[in-house]
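In case you want the letters, here they are:
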Amino acid sequence: LENIRTLAPFAREGHPIICTEPAAVIALRQEYPRLVDHPDVAAIAAQAIDAGTFLVQALSHTGVELTAGSLPLTAAYHTPCHTRALVSEPPYLGLLRRIPQLVLEQLELGCSGMAGAFGLTQANFATSLGIGRPLMERLAQPDLRVGLTECSSCKLQMEQGTTTPTLHPLKLFALACGLAP
């Protein structure tokens, strides 16, 4: 109920509830309305939005153009299952494609295997690694400098067995725009 108490005044005023985790958007839009009987849940669900979608919409509606500087590196983007449940085209791909000299590979290697907390349990750890093996094998290749995903549990799995760092796409975009060190 603490989340509802905190978010409700903003949602009732029409402010977007911006989430950097796709699972959070699904929780606020779909799970809260099914699980919690509270008069403000519908307003919160209506205002919940993924940060990438919000940024893409804001840039298109305001006419503001963020100019991305060059990042001469090769990155691989993994679309989380929760993002697939929200949108047909991940919004971060469009943002990342604005970065000059970034070679962006969209990975289509299936689930990372983490599946929320599934891969964190001792009983499922080996199975989760097996599911995510194709993804981790690609991330271990020397041509890739960074992996990208907006899901923190996918990030944990993507960094298993490889030294390739994984970042949230917003961090890389902010870096390219000079908004982050």
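## Section: the pattern of salt bridges
Between side chains of opposite charge, a pair can form as their charged atoms come close.
Part 1: Going through the model one piece at a time under the given rule, you end up with 6 salt bridges.
Part 2: Between Arg138 and Glu105 there is a salt bridge, with the nearest N and O atoms lying 2.7 Å from each other. In this pair, Arg138 sits in helix α7 (residues 125–139) while Glu105 sits in strand β4 (residues 102–107), placing the two residues 33 residues apart along the sequence.
Part 3: Exposure remark for Arg138: the relative accessible area of 18% places this residue in the buried category.
Part 4: Where salt bridges share partners, they join Glu105, Arg138 and Asp143 into one cluster.

## Observations concerning the side chain of His168
Part 1: Considering the arrangement of structural elements, one finds His168 in the loop between β6 (166–167) and α9 (169–176).
Part 2: For His168, a relative accessible area of 15% corresponds to the buried category.

## Digging into helix α1 (residues 2–12)
Part 1: Regarding α1, the residues found buried are Ile4, Leu7, Ala8 and Ala11. Buried residues of α1 fall within an arc of 125° about the axis and therefore sit on the same side.
Part 2: Each element contacted by the buried residues of α1 is listed here: β1 (17–19), α2 (22–35) and α3 (41–47).
Part 3: Of the residues trailing α1, Gly14 is marked for its positive phi of about 90°.

## A few points about the pairing of strand β3 (residues 73–78)
Part 1: β3 sits mainly inside the fold: 6 of its 6 residues count as buried.
Part 2: Side chains Leu73, Ala75 and Tyr77 project from β3 onto one buried face, and the interleaved Thr74, Ala76 and His78 project onto a second face that is buried too.
Part 3: By the bridge criterion, 6 bridges tie β3 to β4 in an arrangement that is parallel. Bridged to Ala76 within β4 is Glu105.
Part 4: As defined by bridge partners, β3 adjoins strand β5 (residues 146–148) across 3 bridges and the pair is classed as parallel. Along β5, the bridge assignment pairs Ala76 with Gly147.

## Examining the sheet that holds β4
Part 1: In spatial order, the strands read β4-β3-β5-β6; together these 4 strands make up an open sheet with parallel pairing. The open sheet has two edge strands, β4 and β6, and neither has a second partner.
Part 2: Sheet topology places β5 next to β6; 2 bridges connect them, and they run parallel. Residue Gly147 lies in a different strand from β6, and its bridge partner there is Thr166.
Part 3: Across the face of the sheet, α7 comes into contact with β3, β4 and β5 while running at roughly 165° to β4.

Thresholds applied
Chains are numbered independently. Their residues run from 1 in the order of the written sequence. Residue-level local features of this predicted model are given only where pLDDT is at least 70; pairs of side-chain atoms are given and counted only at 80 or more, and the full residue set underlies all totals for whole chains, interfaces and linings. To get the side-chain values, take all heavy atoms of the structure and skip hydrogens and water. Think of a salt bridge as a Lys or Arg side-chain nitrogen and an Asp or Glu carboxyl oxygen that are within 4 Å of each other. Runs of E in the DSSP output that reach at least two residues are strands. Runs of H or I that reach at least four are helices, and both are numbered from the N terminus. Summary of the burial criterion: residues with accessible area below 20% of their type's maximum are buried, those above 50% are exposed, and those between are partly exposed, where the area comes from a 1.4 Å probe applied to protein chains only. The arc under discussion is defined with respect to the helix axis, by the directions toward the C-beta atoms. Here a residue-residue contact requires only that any non-hydrogen atoms of the pair lie within 4.5 Å. The pairing criterion for strands is at least two bridges between them, as found by DSSP. Orientation is described by axes fitted as lines to C-alpha atoms, over the contacting stretch for helices, and by angles from 0 to 180 degrees between their N-to-C directions.

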